[in-house]
Amino acid sequence: MATIDLDTAASCIWQRPVGRDESGKEIVAEGPSIRAAEIIASSWGNLRCASKIDEIAETYVVASAMAWDLESNNAIRVECRESCLYRNGKPYDERLKLVVAKAAAKKALRDAIFAVVPQSIKHAVMTACQQAIGQAGAGKADPKRLAKAKAWLAQIGVSEARALRRLGINSWDEATEAHIGRLAAIAQAIADEETTPDIAFPPVDENARGPEPGGQPPSATGGPAEPPPANMKEAKVKLIRLHLRKLKVSEADWIAAAFRLGILPAEMPLEQAVAAYWDALSARAIDIERELKQRAGGGQ
């Protein structure tokens, strides 16, 4: 079931970029997803599973899940507790707490299933998915899957140059099934609000040209090339403004949301905020989007 097609196999593995090594190569963390847990639970047989939200408190939420193997009589209950506090100590509003609670319930269910079903089964399924993706990855990308990936990139406003640079290739003619699998994993991360398009696909800085897609960085240390310091602030401001145009949000509203979350000590011009608080703003970009959505949904 997990390897019935490449899309299903890719959905069984979550992937998230966590940085780059000293040579500039991207480091990607991966593991079994909730989709893998659902497939394993369904095919294992005689496995009863359930999850629920136990508590939504002022500063945290608690969810639990149980998996019960009716043949072996092995039952395990797992609890998942998630914080509902912003960095400044302010609690989330009720709607956002419910979103976090639902996510906690899914995590608990996944962990409960993997705690009851033998780990050897999970590893076998994950290995089969990785092999299926790897075997197909060496081949040229299927035209239909490639067209679907291009349509998705256009839908989220990511240019061809940004996508190719993210994949490390020079043109779509070089794309393989492995590259399509990476795009599928990124799409899932964006759908789950683990990242944003602008973070997953950094813009290409034309003022400070870096290495060509798939090429080696020009720096002596082998690390990724960066724009000159004089252009860095301008590039960051441009990145945020592009993102805000796609969100149809004004700079003032975005800055105000960052202030309400405690990311900024006060409301200030965008250029000043980027110069002094870029790391915090980029790390909390998803939280800012959620705050804006919550406020818009509340009918402000």
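Now for a quick tour of the structure. Chains are numbered independently. Their residues run from 1 in the order of the written sequence. In keeping with the predicted nature of the model, local features appear solely for residues at pLDDT of at least 70, side-chain atom pairs appear and are counted solely at 80 or more, and the whole-chain, interface and lining totals rest on all residues. Where side-chain values are given, they derive from all heavy atoms of the structure, hydrogens and water being excluded.

1. Some thoughts on the pattern of salt bridges
Applicable threshold: We define a salt bridge as a contact between a side-chain nitrogen of Lys or Arg and a carboxyl oxygen of Asp or Glu at a distance within 4 Å. A helix here means a DSSP run of H or I that spans at least four residues, while a strand means a run of E at least two residues long, and both kinds are numbered starting from the N terminus. The rule is simple: take the accessible area with a 1.4 Å probe, protein chains only, and divide by the maximum for that residue type; under 20% is buried, over 50% is exposed, in between is partly exposed.
One pass over the full model with this rule turns up ten salt bridges. Here Glu38 ties to Arg35 by a salt bridge, and the two come within 2.9 Å at their closest N and O atoms. Here Arg35 and Glu38 lie together in helix H2 (residues 34–44), a separation of three residues that amounts to about one turn. Here Glu38 falls in the partly exposed class, since its relative accessible area comes to 38%. Its salt-bridge partner being Glu94, residue Lys97 comes within 3.5 Å of it at the nearest N-O pair.

2. Looking at the packing of aromatic side chains
Our working definition: Classification of ring pairs rests on two measures: the distance between centres of Phe, Tyr or Trp rings, Trp counted by its six-membered ring, which must be within 6.5 Å, and the angle between planes, read as stacked under 30 degrees, edge-to-face over 60 and tilted in between. To sit over a ring, a charge needs its Lys NZ or Arg CZ within 6 Å of the ring centre and within 35 degrees of the ring normal.
Following the criterion strictly, the structure yields one aromatic pair and no others. Its guanidinium or amino end placed over the ring of Tyr60, Arg81 lies 4.5 Å from that ring's centre, counting from NZ or CZ.

3. Brief notes about helix H3 (residues 94–116)
Note the cut-off: What a helix is expected to span follows from its residue count: subtract one and scale by 1.5 Å. A 3.5 Å cut-off defines polar contacts: any pair of N or O atoms within that distance qualifies, except that in protein one atom must be a possible hydrogen donor and the other a possible acceptor, and neighbouring residues in sequence count only when both atoms are side-chain atoms.
Compared with an ideal rise of 1.5 Å per residue, which puts 23 residues at 33 Å, H3 spans 33 Å between its outermost C-alpha atoms and is within 8% of the ideal. Measuring from the side-chain oxygen of the N-cap residue of H3 to the backbone nitrogen of Arg95 gives 3.3 Å; that N-cap residue is Asp93.

4. Points about the pairing of strand S4 (residues 60–69)
Definition in use: The pairing criterion is simple: DSSP has to find at least two bridges between the two strands.
The buried fraction of S4 amounts to seven of the ten residues, a majority that puts the element mostly inside the structure. Relative to S4, strand S3 (residues 47–56) runs antiparallel, the two being bridged by nine bridges. The partner of Lys52 across the bridge, within S4, is Ser64. Linking S3 back to S4 in an antiparallel pair, the connection comprises three residues. In the sheet, S4 pairs with strand S5 (residues 74–83) via ten bridges, with the strands oriented antiparallel. Within the sheet, the bridge partner assigned to Ala63 lies in S5 and is Cys80.

5. Brief notes about the sheet that holds S4
Stated precisely, the cut-off is as follows: Note on geometry: axes are C-alpha line fits, over the in-contact stretch for helices, and angles between N-to-C directions span 0 to 180 degrees. Between two residues, a contact is recorded if the distance between any of their heavy atoms is within 4.5 Å.
The three strands lie next to each other as S3-S4-S5, forming an open sheet whose pairing is antiparallel. Either end of the sheet is taken by a strand with one partner, and the two such strands are S3 and S5. Recorded for the sheet is a direction-independent mean angle of 15° between the axes of neighbouring strands. On the sheet, H3 packs against S3, S4 and S5 and is oriented at approximately 25° with respect to S4.

6. Considering the environment of Gly168
Along the chain, Gly168 turns up in the loop between helix H6 (160–167) and helix H7 (177–191). Assessed through its relative accessible area of 33%, Gly168 is described here as partly exposed. When the C-alpha positions of Gly168 and His179 are compared, they lie 9.2 Å apart, and in sequence the two are eleven residues distant.

7. Examining the nonpolar core
Quick reminder of the rule: Side-chain atoms within 4.5 Å are what join buried Ala, Val, Leu, Ile, Met, Phe, Trp, Tyr and Cys residues into a set we call a nonpolar core.
In this structure, Ala2, Cys12, Leu47, Ile113 and Cys129 are the most contacted members of the largest nonpolar core, which totals 28 residues. Secondary structure elements with two or more residues in this core: H2, S4, S5, H3 and helix H4 (119–137). Ranked by residue count, the leading element in this core is H3, at eight residues. Ignoring sequence-local partners within four residues, the contact set of Leu47 consists of Ala41, Ala67, Trp68, Asp69, Val116 and Val117. Judged by nonpolar contacts, the second largest core, of 27 residues, contains Tyr86, Ile255, Leu261 and Leu264.

8. Structural notes on the packing of H2 against H3
Under the convention used in this document: Angular relationships are summarised with four words: roughly parallel below 35 degrees, roughly antiparallel beyond 145, roughly perpendicular across 65 to 115, and oblique for the angles in between. Take the far helix as the reference: if the near one is turned anticlockwise from it by less than a right angle, the crossing is left-handed, and if turned clockwise, right-handed.
The N-to-C vectors of H2 and H3 enclose an angle of 45°; their axes lie 9 Å apart at closest approach. It follows from the interaxial angle that H2 and H3 lie oblique. Regarding H2 and H3, the two cross each other, and that crossing is left-handed. Where H2 approaches H3, its residues Ile34, Ala36, Ala37, Ile40 and Ala41 are matched on the opposing element by Lys106, Arg110, Ile113 and Phe114.

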